[in-house]
Amino acid sequence: MLGLMQDRPLSLPHVFRRAERCFGHKTVVSGRVGGETTMTWAEVCARTRRLAAALDELGVPAEARVGTFAWNSHRHLELYLAVPCTGRVLHTINHRLFGEQITYVVNDAADDVLFVDRSILPAIWPLVDTFTTVRAVVVMDDGSDAEIPEDARVVDYEDLLGRAANPGHEFAVADENTAAALCYTSGTTGAPKGVLYSHRSIVLHACLLLMVDTFGINERDVVMPIVPMFHVNAWGLPYSAMLCGAGLVLPGPAMTPPELAGMLARHQVTFGAAVATVWRGLLPVLGRHDLPAVRQIVCGGGAVDEALTRGYQDTIGVPLTNAWGMTETSPVVTASRVGTAHDRCTPEQRRALLGTPGPAVPLTEVRIVGDDGREVSWDGRTSGELQVSGPTIVARYFGSRAVADGFTDDGWLRTGDVATVDRHGYLRIVDRTKDLVKSGGEWISSVELENAIMDHPDVSEAAVFGVADEKWGERPVACVVARPGATPTVETVRDHLRARVASWWLPDQVFFLDEIPKTATGKFSKQGLRSWYVADNRGPGKSI
Ligand code: AMP
């Protein structure tokens, strides 16, 4: 027997209508080069309708991918709504990727048009002829004076909106499983893989963030996603803010610590979200500002260190909280929380607990699987691979090179993280099996870096591994074996890499060894190298 309830799709047109009808008076602040713009949700929604009409006028087909290279801004927000609410797919792209990776993801997604912030255009325009499907590049003026090329493909965003008529009809997406947004993750070995979110997964995830035991975001909040809108939909925060009518503060290109601190204070931000590197950079300048409104600061995408969370408690009276997630998981799967099980904990213990990932949010499930393929007990000690499942978790990857690996036979996502779970369901990440380095919230592929170093004619072997770094969380270190008779130097290796990888991938330290330790199967023993590195007490900055 089926239930007799209305079958209405969980879709973004509902989110849009709610913001438009109920919260038109609330504001969205956007940073731009040298200033900021304040708009009401009513204005943003009206512009979204015009943008939807403009997409029609540009001839963007149904289901086409619309690529964005943009900071967190009201224009990016308009794209977040107009693209999926008209049945197209928003493809947000990280402009900090290396050129070849950008070309790969634009072509793999077959982006039809690109929307690019003017300040980002100089990084993207040199690649434009490598994009095989892109018909137009819409430039969004974010106050930068970067040159705009004289080219028939270039269109100005405001001109486009100015010319577009209000379509005058309601947005509708009949099937909640329709694709809404696409984000490639480079947190993987091999080619970047696409994660194709549906309307249903985005709406469910937006609701999850509103729950009191998740982030409790509500209409009285002023939410500032510092985490980029090109990274997992800015952790879903813009959609959650729309659903509940929270104010939004979007920093745009104004990403320096003084600029961010100024925005937090000026706009009475109550809820902020960013990776540890950003919060670490902000802490020294926060003390100069009065921040009585801040109620929660989420530090996600990586571990939270003790000193940082204590620093926040001491400086602004609010500890950092942690959340665990991946591009593949929308992203929030766990959110830290002090529950009744911790009533007897000291204030210090509670603060430390908030710095760990915490329990899974409703609708998602986690399990820890040992080397023998069996689930381990939730005893807070036994570790194994973290696997996750739920309606906000990817079922398979999108893209021409997407392979079926990464999933178990019963359809759970294998995260590549090693974790423990305690008897109350609280997660702790203890290690990572994927051969990647996470620096400032962005991935560096050890394998790609090794291959690039081994391309050097003087190098016979190279192994790259991550080491803890105070500022960036982790940084890559390279161990190199020279070819017989050759004498490569740190500088020749780094110079060689400069032409092959993004500048922030360059290993901070390069060591020359006679031999790289290997595992029983002949692979580089990263564990062995890390132990050697720690035992030799080589701190950041030291090199041989
Ligand atoms: P991404 O897909 O770029 O968001 O990266 C996801 C990965 O970041 C996870 O698989 C973890 O390796 C790492 N990560 C995310 N959140 C946390 C956290 N709270 N603690 C430790 N590592 C994390």
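Residues numbered from 1 in each chain as written. Predicted model: local features only at pLDDT ≥ 70, side-chain atom pairs only at ≥ 80, totals over all residues. Heavy atoms only, no water.

Student: What exactly am I supposed to notice about the overall build of the protein chain here?
Tutor: When its secondary structure is counted, the protein chain shows 16 helices and 25 strands. Relative to the compact-globule value of 24 Å for 544 residues, the protein chain shows a C-alpha radius of gyration of 24 Å, a close match. In terms of overall dimensions, the protein chain has a C-alpha envelope of 70 × 65 × 60 Å along the principal axes. Per-residue burial over the protein chain gives 56% buried out of 544 residues. Across the protein chain, the fraction of contacts at a sequence separation of at least 24, relative to all contacts at a separation of at least 6, is 68%. Per element, the accessible surface of the protein chain, about 23,000 Å² overall, is 51% carbon and sulfur. Of the charged side chains in the protein chain, 52 are positive and 65 negative, and the gap between their average positions amounts to 4 Å. (Helix = DSSP H or I, 4+ residues; strand = E, 2+ residues; numbered from the N terminus. Rg over C-alpha atoms; globule rule 2.2 N^0.38 Å. Buried < 20%, exposed > 50% of the residue type's maximum accessible area, 1.4 Å probe, protein only. Contact = heavy atoms within 4.5 Å. Areas by Shrake-Rupley, 256 points an atom, 1.4 Å probe, with all protein chains shown as cover. Lys, Arg positive; Asp, Glu negative; His and termini not counted. Charge placed at Lys NZ, Arg CZ, Asp CG, Glu CD.)

Student: For this particular structure, what's the right way to read the sheet that holds strand β17 (residues 365-369)?
Tutor: The strands making up a sheet are joined through hydrogen bonds of the backbone, oriented either antiparallel or parallel. The strand order across the open sheet formed by 5 strands is β16-β20-β19-β18-β17, and the pairing between neighbours is antiparallel. One side of each edge strand has no neighbouring strand; the edge strands of this open sheet are β16 (358-359) and β17. Pairing of β16 with strand β20 (residues 426-432), which is carried by 2 bridges, proceeds in the antiparallel orientation. Its bridge partner lying in β20, G358 is registered against L427. (Pairing = 2+ DSSP bridges.)

Student: Quick question: what am I supposed to make of the site of the ligand here?
Tutor: By nearness alone, 16 residues border the ligand, and A323, T327, D417, K434 and W443 come closest of all. The backbone of G302 places a nitrogen or oxygen atom 3.4 Å from a nitrogen atom of the ligand. Separating an oxygen atom of the ligand from a side-chain N or O atom of K434 is a distance of 2.7 Å. Burial of the ligand by the surrounding chains reaches 95%, relative to a free accessible area of 500 Å². (Near = heavy atom within 4 Å. Polar contact = N/O pair within 3.5 Å; in protein donor to acceptor, adjacent residues only side chain to side chain.)

Student: Even after reading the chapter, I still don't get the domain arrangement of the protein chain, so can you show me in this structure?
Tutor: For an interface, size is often stated in terms of accessible area lost upon the parts coming together. Splitting the protein chain by domain gives domain 1 (12-20 + 42-249), domain 2 (365-432) and domain 3 (436-536). The C-alpha centroid of domain 3 is placed 28 Å from the C-alpha centroid of domain 2. (Domains from an automatic or database assignment.)

Student: For this particular structure, what's the right way to read the pairing of strand β9 (residues 193-198)?
Tutor: Regular strands show a simple pattern: their side chains alternate between the two faces of the sheet. Counting buried positions along β9 gives 5 out of 6 residues, so the element sits mostly inside the fold. Taken together, the 6 bridges between strand β8 (residues 179-185) and β9 define a ladder with antiparallel strand orientation. Counterpart to L182 in the pairing with β9 is L196.

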